[in-house]
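Commentary on secondary and tertiary structure
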Amino acid sequence: MAEPAMRLHWSPKSPYVRKVMVCAHELGLLPRLELVRSVAAMLKPNPVLMADNPLSKIPTLVLADGRTLFDSAVICEYLNDTAGGALFPVHGDARWQALRWHALGDGLLDVLILWRNERERELPLQVLMDAFELKTRASLKLLDDEAKALGDAPFCIGHVALGCALGYLDYRFGMLGWRGLAPRLAAWFEVLRARPSFQSSEPVDG
Ligand SMILES: N[C@@H](CCC(=O)N[C@@H](CS)C(=O)NCC(=O)O)C(=O)O
C-alpha cells in the first residue's frame, strides 16, 4: 500500500521552503509531498495558512493524520527521521558542526529577509540596513574560511541551509556580488548547487 501523503504549504520563492524540498529530494520523499501554493506575507496574515500554523509562515507540513509541523528545521528533521536518513548526524563533532551550520544558514536567511523588508519601505532606516549588511558580510567571511571544512564534511542539514541562504543571495541580493567577497565559498557552492535537489528547487518568480 502507498505511504500516505503529507501536505506542504509551499512557495517556489521561499528559501525556507526550499530547505524542505532539498531534504525531501535527497531523502526520496518528494512523491509523498502534496504541494499547496500558499502566500505568506508578513503584513498580510493568510487565514487558510493560519488554520495549520498560527504564525502564518511557510513551510508548514500537514501530516496524513492532521497533525501539523513547523518550522523548516523541525520539518527537515521529521523528514530525515521518517526516511531513516543521515542529514542530521546523531553523535559527536559531526552533529554539532551540522547544527551550527544549520543555525548559521537559517540565521543568515533571517537577516536577509529583514533586510529585504527594510529596503522596500518608503523610508528605510539606514542604521538597520547597515547592520544587516555588516552581519551578512561577516557570515560570508566566516563561511569562506570554512569552505574546505564544508567540502570535506558528509552532506548534511548544514549544507542544505547554507546552500539555500547562498541561493537566496543570488536571487534577491545580486547587487552584493557575494562571490567576490567569498571566493572559496563560491567554489564550494558551485559543486553544491549542481546536485539535482538544488537544481530542481531554484527559486522562481510567479
Ligand atoms: N523560521 C522559519 C521562518 C519561515 C519564514 O519566515 N517564512 C517566510 C516566507 S520565506 C514567511 O512565511 N513569512 C511570512 C511572515 O513572516 O508572516 C522557518 O525556518 O521555517
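The structure under discussion appears in the preceding block.
How each quantity is defined
Residues numbered from 1 in each chain as written. Predicted model: local features only at pLDDT ≥ 70, side-chain atom pairs only at ≥ 80, totals over all residues. Heavy atoms only, no water. Phe/Tyr/Trp six-rings, centres within 6.5 Å; stacked < 30°, edge-to-face > 60°. Helix = DSSP H or I, 4+ residues; strand = E, 2+ residues; numbered from the N terminus. Buried < 20%, exposed > 50% of the residue type's maximum accessible area, 1.4 Å probe, protein only. Lys NZ or Arg CZ within 6 Å of the ring centre and 35° of its normal. Near = heavy atom within 4 Å. Polar contact = N/O pair within 3.5 Å; in protein donor to acceptor, adjacent residues only side chain to side chain. Areas by Shrake-Rupley, 256 points an atom, 1.4 Å probe, with all protein chains shown as cover. Nonpolar A, V, L, I, M, F, W, Y, C, P; charged D, E, K, R; others polar. Pairing = 2+ DSSP bridges. Right-handed = clockwise from strand over helix to strand, strands pointing away.

A word on the packing of aromatic side chains. In this description, a pair of aromatic rings is defined by centroid distance and the angle of the planes. In this structure the tally under the stated criterion is 4 aromatic pairs. Aromatic side chains Trp115 and Phe173 sit 4.8 Å apart centroid to centroid with 45 degrees between the ring planes, which places their arrangement in the tilted category. One end of the pair, Trp115, is in helix H4 (residues 92–119); the other, Phe173, is in the loop between helix H7 (157–172) and helix H8 (178–181), and 58 residues separate them in sequence. We note that Trp115, like Phe173, is buried. A centroid spacing of 6.3 Å and a plane angle of 65 degrees characterise the contact between Tyr168 and Tyr171, whose relative ring orientation is edge-to-face. Of the two residues, Tyr168 and Tyr171 both sit in helix H7, 3 residues apart, roughly one turn of that helix. Across the pair, Tyr171 and Tyr168 agree in class, each one buried. Here a set of aromatic residues connected by ring pairs shows up, and it is made of Trp115, Tyr168, Tyr171 and Phe173. Above the face of the Trp96 ring, Arg95 is positioned so that its terminal group lies 5.1 Å from the ring centre. A cation over an aromatic ring shows up here: Arg195 above the ring of Phe155, its NZ or CZ 3.7 Å from the ring centre.

For the rest of this paragraph, the subject is the site of the ligand. Within the structure, the ligand sits among Ser14, Pro15, Tyr16, Ala40, Ala41, Met42, Ser56, Lys57, Ile58, Pro59, Asp71 and Ser72. Side-chain polar atom of Asp71 to a nitrogen atom of the ligand: 3.0 Å apart, as the coordinates give it. Calculation on the ligand without its partners gives an accessible area of 510 Å², and the protein chains cover 85% of this total. Across the shell around the ligand, the residue classes tally to 7 nonpolar, 3 polar and 2 charged.

For strand E1 (residues 6–10) and strand E2 (residues 33–37), the ladder comprises 5 bridges, and the chain directions are parallel. Note that in E2 the partner of Arg7 across the bridge is Glu34. Taking the sense of rotation as the criterion, the β-α-β connection linking E1, helix H1 (residues 15–27) and E2 turns out right-handed. Alignment of E1 against strand E3 (residues 60–62), held across 3 bridges, turns out to be antiparallel. Bridged to Leu8 within E3 is Leu61.

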